[in-house]
Amino acid sequence: MVLPFDDAYFMKKALQEAEIAYEKGEVPIGAVIVVQERVIARAHNLTEQLNDVTAHAEMQAITAAANFLGGKYLKDCTLYVTLEPCQMCGGALYWSQISKIVYGARDTQRGYEVMGTTLHPKTKIVGGILENEAADLLKRFFIQKRNLN
């Protein structure tokens, strides 16, 4: 049996990472990096746990994928991330030369696009994959956080 490896399939993997972040009290953003239909990196936000503002899911995934591949460039790789990358992550993705970025929910306040961050000219972008699921998880997290404070 051949599994249907499409954008939704891999976005579900990123959502699983976001759920792990949620359980840890981190902003629930998850990411996976795929090459040749194989997940080579999984990550989620670790900014609270590591006390590090740069420990976004995308940054963790970039590092893990580069270590797996043995090089700094992520050509022929696709990043699946539950929220549109921010300016910092967009810059790192630019330098990694990643081939494709697929994100779930848009970040209308801090996303790379609204902030005017340029991605690598060869990088393909696809947005809105499982957008509602990704946005709902974030909304649930921030509602819970407000109710605890």
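Residues numbered from 1 in each chain as written. Predicted model: local features only at pLDDT ≥ 70, side-chain atom pairs only at ≥ 80, totals over all residues. Heavy atoms only, no water.

Under an unreviewed UniProt entry, the name given to the chain is tRNA-specific adenosine deaminase, and the source organism is Kriegella aquimaris. Its UniProt record gives the chain a comment under Sequence similarities (unreviewed entry), which states: "Belongs to the cytidine and deoxycytidylate deaminase family. ADAT2 subfamily." UniProt annotates the chain under Catalytic activity (unreviewed entry) with the comment "adenosine(34) in tRNA + H2O + H(+) = inosine(34) in tRNA + NH4(+)". (UniProt positions renumbered as here; feature names shortened; annotations may be inferred.)

One can describe the packing of helix H3 (residues 57-69) onto helix H4 (residues 87-96) by two numbers: an axis separation of 9 Å at closest approach and a directional angle of 20°. In terms of orientation, H3 and H4 fall into the roughly parallel class. Like other packed secondary-structure pairs, H3 and H4 cross with a definite hand, here left-handed. Together, Glu58, Met59 and Ile62 of H3 and Met88, Cys89, Ala92 and Leu93 of H4 make up the contact between the two elements. Here the contact of H3 with H4 is composed, by residue class, of six nonpolar, no polar and one charged. (Axes fitted to C-alpha atoms, helices over the stretch in contact; angles between N-to-C directions. Helix = DSSP H or I, 4+ residues; strand = E, 2+ residues; numbered from the N terminus. Parallel < 35°, antiparallel > 145°, perpendicular 65-115°, else oblique. Left-handed = near helix turned anticlockwise from the far one by under 90°. Contact = heavy atoms within 4.5 Å. Nonpolar A, V, L, I, M, F, W, Y, C, P; charged D, E, K, R; others polar.)

Disulfides are covalent bonds that connect the sulfur atoms of two cysteines. Inspection of every chain in the model, using the stated rule, returns zero disulfides. No disulfide involves cysteine 86; its sulfur sits 3.7 Å from that of cysteine 89, the nearest cysteine. (Disulfide = S-S within 2.5 Å.)

For the rest of this paragraph, the subject is the environment of alanine 14. Of note, alanine 14 is situated in helix H1 (residues 7-23). With 16 residues separating them in the primary sequence, alanine 14 and glycine 30 have C-alpha atoms 4.7 Å apart. Alanine 14 has contacts with Gly30, Ala31, Val32, Tyr80 and Thr82, leaving out every residue within four places of it along the chain.

Counting buried positions along strand S1 (residues 30-35) yields six of six residues, so the element is predominantly enclosed. With burial as the criterion, each face of S1 is covered, one bearing Gly30, Val32 and Val34 and the other bearing Ala31, Ile33 and Val35. Relative to strand S2 (residues 38-44), S1 runs antiparallel, the two sharing six bridges. Considered in S2, the bridge of glycine 30 is made with histidine 44. Relative to strand S3 (residues 77-83), S1 is paired through five bridges, and the arrangement is antiparallel. Bridge assignment links valine 32 to a residue of S3, and that residue is tyrosine 80. (Buried < 20%, exposed > 50% of the residue type's maximum accessible area, 1.4 Å probe, protein only. Pairing = 2+ DSSP bridges.)

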